[in-house]
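# Fold and contact review
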Amino acid sequence: MFKKVLVANRGEIALRVIRTCKEMGIRTVAVYSTADKESLHVRFADEAVCIGPPPSTDSYLNIPQIIAAAEITNADAIHPGYGFVSENAEFSQVCAEYGIKFIGASPEMINKMGDKATAKATMKEAGVPTIPGSEGLLASVKEGLRIAKRIKYPVILKATAGGGGKGMRIVKNPEEFQKAWDDARMESSAAFGDDGLYLEKYVEEPRHVEIQVVGDSKGKACHLSERDCSIQRRHQKLVEETPSPIVDDELREKMGQAAVKGAEAIGYEGAGTVEFLVDKHGDFYFMEMNTRIQVEHPITEEVTNFDLIKEQIKVAAGVEISGNNYFPKMHAVECRINAEDPFNDFRPSPGRITNLHLPGGHGVRVDTHVYSGYTIPPNYDSMIAKLIVSATTREEALVRMKRALEEFVIEGIKTTIPFHIQLMDDKRFKSGKFTTAFMDSFDLVER
Ligand code: MV4
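Residues numbered from 1 in each chain as written. Predicted model: local features only at pLDDT ≥ 70, side-chain atom pairs only at ≥ 80, totals over all residues. Heavy atoms only, no water.

So, on to the sheet that holds strand 2 (residues 27-33). What the five strands build is an open sheet, ordered 3-2-1-4-5; its pairing is parallel. Pairing within the sheet leaves two strands with one partner each, and these edge strands are strand 3 (47-52) and strand 5 (101-102). Relative to strand 5, strand 4 (residues 77-79) runs parallel, the two being bridged by two bridges. Bridge assignment links Ala77 to a residue of strand 5, and that residue is Lys101. The strands touched by helix 1 (residues 11-23) within the sheet are strand 1 (4-7), strand 2 and strand 4, with strand 1 carrying the most contacts at an inclination of about 170°. (Pairing = 2+ DSSP bridges. Helix = DSSP H or I, 4+ residues; strand = E, 2+ residues; numbered from the N terminus. Contact = heavy atoms within 4.5 Å. Axes fitted to C-alpha atoms, helices over the stretch in contact; angles between N-to-C directions.)

Attention now moves to the packing of aromatic side chains. In this structure the tally under the stated criterion is 12 aromatic pairs. The interplanar angle of 65° and the centroid separation of 4.6 Å between the aromatic rings of Phe306 and Tyr326 together place this pair among those described as edge-to-face. Within this pair, whereas Phe306 is found in the loop between helix 10 (297-304) and helix 11 (308-316), its partner Tyr326 is found in the loop between helix 11 and strand 14 (331-338), the two being separated by 20 residues in sequence. Since its relative accessible area comes to 10%, Phe306 is described here as buried. With a relative accessible area of 22%, Tyr326 lands in the partly exposed category. Connected via pairs of aromatic rings, a cluster forms that spans Phe346, Phe419, Phe429, Phe434, Phe438 and Phe442. Taking NZ or CZ as reference, Arg43 lies 5.5 Å from the ring centre of Tyr371, over its face. (Phe/Tyr/Trp six-rings, centres within 6.5 Å; stacked < 30°, edge-to-face > 60°. Buried < 20%, exposed > 50% of the residue type's maximum accessible area, 1.4 Å probe, protein only. Lys NZ or Arg CZ within 6 Å of the ring centre and 35° of its normal.)

For the peptide bond that leads from Tyr153 to Pro154, omega is -5°, which places it in the cis range. The topology assignment puts Pro154 in the loop between helix 7 (141-151) and strand 6 (155-159). Pro243 follows Thr242 through a cis peptide bond whose omega is -5°. Tracing the backbone through its elements, the reader meets Pro243 in the loop between strand 11 (236-242) and helix 9 (249-265). Of note in this structure, His235 is not a glycine but carries a positive phi near 65°. Considering the arrangement of structural elements, one finds His235 in the loop between strand 10 (221-233) and strand 11. Non-glycine residue Phe346 carries a positive phi angle of around 55°.

Another point: the pairing of strand 12 (residues 270-278). Of all the nine residues making up strand 12, nine are buried; the element is thus mostly covered by neighbouring parts of the structure. Of the strand pairs in this sheet, strand 9 (residues 207-215) and strand 12 are connected by nine bridges, and their pairing is antiparallel. Across the sheet, Val209 pairs through a bridge with Phe276, a residue of strand 12. Bridging between strand 12 and strand 13 (residues 284-290) involves six bridges; their strand directions are antiparallel.

Turning our eyes to something else, we now look at helix 11. Judged by how many residues are buried, helix 11 sits mostly within the fold: seven of nine residues are covered. Taken residue by residue, helix 11 has Leu308, Ile309, Glu311, Gln312, Ile313, Val315 and Ala316 as its buried positions. Between the side-chain oxygen at the start of helix 11 and the backbone nitrogen of Ile309 there is a gap of 3.0 Å, and the oxygen is on Asp307. Looking at the residues trailing helix 11, positive phi occurs at Gly318, about 100°. (Polar contact = N/O pair within 3.5 Å; in protein donor to acceptor, adjacent residues only side chain to side chain.)

A few words on the pairing of strand 8 (residues 197-201). With four of its five residues buried, strand 8 lies for the most part within the structure. Both strand 6 and strand 8 contribute to a ladder of five bridges, which runs antiparallel. Residue pairing in the sheet places Ala159 in a bridge with Leu197 of strand 8.

In this section: the sheet that holds strand 12. Reading across the sheet, the eight strands line up as 13-12-9-10-11-14-21-19 and stay open at both edges, with antiparallel pairing between neighbours. Since the sheet does not close on itself, it has two edges, and those belong to strand 13 and strand 19 (364-368), each with one partner. Mean inter-strand twist for the sheet, computed between neighbouring axes without regard to direction, equals 25°. Direction of pairing for strand 10 relative to strand 11: antiparallel, over a ladder of four bridges. Each residue of the ladder has a partner; that of Asp228, found in strand 11, is Glu241. Relative to the sheet, helix 10 contacts strand 9, strand 10, strand 11, strand 14, strand 19 and strand 21 (383-391), its axis offset from that of strand 14 by approximately 155°.

Around the ligand there are 16 residues in total, and Lys158, Glu200, Lys201, Val203 and Glu288 lie nearest to it. Contacts to the ligand include Lys158, whose side-chain N or O atom sits 2.9 Å from a nitrogen atom. Backbone polar atom of Val203 to a nitrogen atom of the ligand: 2.8 Å apart, as the coordinates give it. Burial of the ligand by the surrounding chains reaches 89%, relative to a free accessible area of 530 Å². Elements with a contribution of two residues or more to the shell around the ligand: strand 6, strand 8 and strand 13. When grouped by side-chain class, the residues that make up the shell around the ligand number seven nonpolar, five polar and four charged. (Near = heavy atom within 4 Å. Areas by Shrake-Rupley, 256 points an atom, 1.4 Å probe, with all protein chains shown as cover. Nonpolar A, V, L, I, M, F, W, Y, C, P; charged D, E, K, R; others polar.)

Take a look at the structure:
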C-alpha cells in the first residue's frame, strides 16, 4: 500500500481524500495556492506545500509545481480529485515518468475517452448502445446533410473535444445546417483548439443517468448502479439522486451490464462513470465516459455502503476487486450548495461566511470545507458544500432533505439553499417525472 499520498486539489474533495487516507493509515500531503492558505485541507493534511498564486493555471493546474511538491515530500502517489488535473493526460504521463502513481486513468485512457467521437466508436465496438449518427468525425457539411437526411431531423452537432455542452448545436432542418456547423466549429476551436465535429440524432427531453464503475489491473470491472443527474442548469448539475426514479431492476441490470462491458473492453482501471441518455421509451445510449471520481460520488457510497475513494486507492495499489456488482439498499439525494445567488441568475457570491450552522441528524451527511469566518475566494468553483441525505424511500429522503436544508445556516453570502428548499416542494420534482429540460421551466419564487 502507498505510504504517502499527495492530494492535488482543494475544497471538500481534498478533505474527502485526506479522511480516507487517514483511515487507511496513509500519510497525506496537501498542496495549496496562496488564496487557500487558511483552508482546512492544509490543516488536516500531515504536510502542506504552497504551489503558487491564486489563479488555477499558476497553482492547481501547474504540473511542474505539483510534481516538485510530490518529490520534496517523497509522496508515492497523487490523488487528483475532480476537475483541475484529474483528466489531464499530460499530468498522468508526467507522474508515470517520475515513478509516482497517479490515482486516476492512464494517459492513453484519458485521451481515448476525452475525444468524444473516439470514445463513442470504442463503446459501439464493445457492444454498448450508441445514438445513430456519423461514424466518427464529419468530413464536410455535405456528409452531415446526407446523414441527417437518413436519420431524420432534429439532429445534433457535437464537438469531439467537447463536454459540458460547449460546441454543441441542435439542427432542426437542412436550412439551418451550414450555420450550426460554422458556429459549432468556431466555438469548439476557440474553447478546445480542436474543431472536429460529429453528428447524432437529437434525443428530445432525455434523462441523464450515469453508472458508477470500478475496474482493476487484471481487467475485471464491476458497477455500483446509477445516479440520476437530470436536474441541471446550463450543464451544471444541481441535484443528483440514486436510485433513479425511472430505472427499475431490469433497466438497472441492462445499463449496469453495458457499462461493465464497456469498461472491460477498454481495460479500465480505477473509478469511472459511464454517462447515458435515457429516452422516453426507456431506451438508453452511451454519451460520455468520465475517467475520474465525480462530485456526486457520495450518494452511491450512501446507498451501497462502499467507500469509493478507498476502492480507488486500493485498485491503484494493485488490489483486485471482488467482481460483485452493488445495488442500492436506500435512497440518497445530493444538493449542491453553491456560493451563488439563485434570485440573480445564479451569479457567484464569494465573500466571508460570518455565521455557519451545519445540519445533522439521522441520514444526513455534509461534505464541505467551509467554516464560520472562512472567506470564499473568487478564483475557483462556487460549490461550497454538498448536502447528502439518505432514507429508506425517495419520499422520506425528500422530506429529510427539506428538513436539513431548513437547518442549514450560511450567513454573509448568497447560496443556492433557497432554490433547493423550493425544489423539494415542487410537484413535478416530487413526482419523479422530469427530464433534463426541467430547469428551463422551473420558476423560483422570490420570498
Ligand atoms: C445530447 C442530447 C440529446 N440528444 N445528445 C449535453 C452535454 C453533453 N454531455 C451531451 N449533452 C446532450 N447530448 C443527443 N444525441 C441532449 C444533451 C443535453 C443534456 C444531456 C444531459 C444532461 C443535461 C442536458 C442538457 C441539455 C442537453
